[in-house]
Amino acid sequence: MIDFYELEKRLIKLQGKIETVKELKKYKGENFNIFSILNIERFEVKTHSALIYELINPKGSHNQSKKYLEIFIADILNIKDFDFNSAKVNREHLTDTNRRIDFTIEDNNNFIVIEMKIDAKDQINQLSDYKKFADKKKKRTRCYYLTLNGNDASELSTKGISYERISFSFHILNWINKSIEKSFDLPIIRESLTQYKILIEKLTNKHTKEIEMEVLKMINTPDLIESATILSENIGLIWAKKEAIFWDEVKNRTSKVNTDIILDSSIYFFEKDVIEINYTSQEELTQKVNEKRSAKNIEFGIRYKLNRNGEHFNCYLYLYNSSLLSFQIGDDIIESSLVIDISKKISITGVNKNARYKETDTQINFYGKNNSKDLSYEIFDSQKFEDKLNKISSEVNNYIAKFKQ
């Protein structure tokens, strides 16, 4: 028998510990994070690349010479014979094929390439091109692939070259911790690094040692580890079920109100094109959402086909960047007087290469275990979930209604 009952009791106890830790973080002021406040948590170039480079650069504004680079080389890259007297550190290093390497570190004998990915996708031949460029330096070359959790680079990027995986969750976090220790008498640098450490822990879903120890204690029998494993394997499906209900309910609630202008509405996912999802029940939709979510982080949404006086438009409600819901008019930039007028009425200010769009007032995140921002745990409270459904449906109905005015 799989002991789900005992697991439930221990999970309740664990949740109590988590709530205690949350309150302690509030008390210590750890929720005040400059990166989160400025909404730059996931900016690869402006946040992570800039900060890491400044720290490993012996000529950086920290004025600590090679202190942080020494830790980086020893603890992350594990290079024993690096000559720090001839060290050069570059960021956005331009190759002879006009590609930019996130970081290069070199001495008289070594040329080190580091490619960093947080949200950006691999490009064709990216790492292999970097390796070819590095080999021309006639030094010992090493290529590193830095991601949040130490993922593999795609074959599209590597083309069979060898490289080493490094992660924010282990390597960068350990480096920052040691850098904090080395900065005990430098309060400005120490506290800045502490802020960055907290950001990394958030992005990589790291918990405090207290929570980790509690988890280790609670999962301590064969039955409990089996039930916990089965539970973890189905977490994605649990989130997919909520997402399927969300899209299905919003589609129904918006379509029924605007039958005079909505010709058709459908749930879709976006890969290289908008692909409609055909389903006969929420259970079937759940399976399809889970299948796509398990494979990759892709956009889901609703496409509305609208008609006004014989003029047809597509409008979209879709999820992007993990938790941002957006309402979009058109598949391409449309400069008709009608679209411009409606854009003004619903305060659309965003224009991209595809269409006019605006973020909705209500946001949500269904990414589950693959989250990249704060998850919307409150949607598992039935009343709060209903409130979100009502708010977003009402907001979209108001937007669509502007086509009739």
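Quick look at the structure, then.

1. Side note on the pairing of strand 4 (residues 140-147)
As a general feature of sheets, a regular strand has side chains that alternate between the two faces.
Then, number 1: Burial analysis of strand 4 places six of its eight residues in the buried class, the great majority of the element.
Then, number 2: As judged from the seven bridges shared by strand 3 (residues 110-116) and strand 4, these two strands associate in the parallel manner. Its bridge partner lying in strand 4, Met 116 is registered against Leu 146.
Then, number 3: On the question of chirality, the crossover connecting strand 3 to the parallel strand 4 by way of helix 5 (residues 126-135) is right-handed.
Then, number 4: Two strands pair when backbone bridges link them, and strand 4 and strand 5 (residues 164-167) are joined in this way by four bridges, in the parallel orientation. Within the sheet, the bridge partner assigned to Tyr 145 lies in strand 5 and is Arg 165.

2. Comments concerning the pattern of salt bridges
Then, number 1: For the structure shown, the criterion picks out 19 salt bridges.
Then, number 2: In this structure, the salt-bridge partner of Glu 276 is Arg 303, at a minimum N-O distance of 2.7 Å. Placement of Glu 276 in strand 7 (residues 274-276) and of Arg 303 in strand 8 (residues 299-308) is noted, with a sequence separation of 27 residues between them.
Then, number 3: A relative accessible area of 14% places Arg 303 in the buried class.
Then, number 4: Two residues, Lys 388 and Glu 378, come together in a salt bridge whose shortest N-O distance is 3.6 Å. Taken as a pair, Lys 388 in helix 14 (residues 382-401) and Glu 378 in the loop between strand 12 (356-359) and helix 14 lie far apart in primary sequence, 10 residues in all.

3. Brief notes about unusual backbone geometry
Then, number 1: Backbone geometry at Asn 98 places phi at a positive 60°, although glycine is not the residue there.
Then, number 2: Secondary-structure assignment places Asn 98 in the loop between strand 1 (88-94) and strand 2 (100-106).
Then, number 3: Its identity as a non-glycine residue notwithstanding, Ser 347 has a phi of 60°, on the positive side.
Then, number 4: Take Ser 347: it is sitting in the loop between helix 13 (337-345) and strand 11 (350-351).

4. Quick word on helix 8 (residues 187-203)
Then, number 1: Taking 1.5 Å as the rise per residue, helix 8 with 17 residues should run 24 Å; its terminal C-alpha atoms sit 24 Å apart, in good agreement.
Then, number 2: Residues of helix 8 that are buried: Ile 189, Leu 193, Gln 195, Tyr 196, Ile 198, Leu 199, Ile 200 and Leu 203.
Then, number 3: In the core, the buried residues of helix 8 are packed alongside helix 2 (34-37), helix 3 (44-56), helix 4 (67-77) and helix 7 (168-182).
Then, number 4: Where helix 8 terminates, the next one or two residues include Asn 205, which has phi positive at roughly 60°.

5. A closer look at the sheet that holds strand 4
Think of a sheet as strands paired side by side through backbone hydrogen bonds, with each pair either parallel or antiparallel.
Then, number 1: The strand order 1-2-3-4-5 describes an open sheet built from five strands, whose pairing is mixed. In the strand order of this sheet, the two ends are held by strand 1 and strand 5, each with one partner. The sheet shows a mean angle of 25° between the axes of neighbouring strands, taken without regard to direction.
Then, number 2: Each of strand 1, strand 2 and strand 3 touches helix 3; the most contacted strand, strand 1, lies at about 155° to it.

6. Description of a nonpolar patch on the surface
Then, number 1: Taken together, Leu 11, Leu 231, Ile 238 and Phe 380 make up a surface patch of nonpolar side chains, about 300 Å² in accessible area.
Then, number 2: Along the chain, Phe 380 falls in the loop between strand 12 and helix 14.
Then, number 3: Note on Phe 380: relative accessible area 39%, which makes it partly exposed.

Conventions we followed
- Residues numbered from 1 in each chain as written.
- Predicted model: local features only at pLDDT ≥ 70, side-chain atom pairs only at ≥ 80, totals over all residues.
- Heavy atoms only, no water.
- Buried < 20%, exposed > 50% of the residue type's maximum accessible area, 1.4 Å probe, protein only.
- Helix = DSSP H or I, 4+ residues; strand = E, 2+ residues; numbered from the N terminus.
- Pairing = 2+ DSSP bridges.
- Right-handed = clockwise from strand over helix to strand, strands pointing away.
- Salt bridge = Lys/Arg side-chain N within 4 Å of Asp/Glu carboxyl O.
- Expected span 1.5 Å × (residues − 1).
- Contact = heavy atoms within 4.5 Å.
- Axes fitted to C-alpha atoms, helices over the stretch in contact; angles between N-to-C directions.
- Patch = residues over 30% accessible without salt bridge, like charges linked within 9 Å, V, L, I, M, F, W, Y side chains within 5 Å.
- Areas by Shrake-Rupley, 256 points an atom, 1.4 Å probe, with all protein chains shown as cover.

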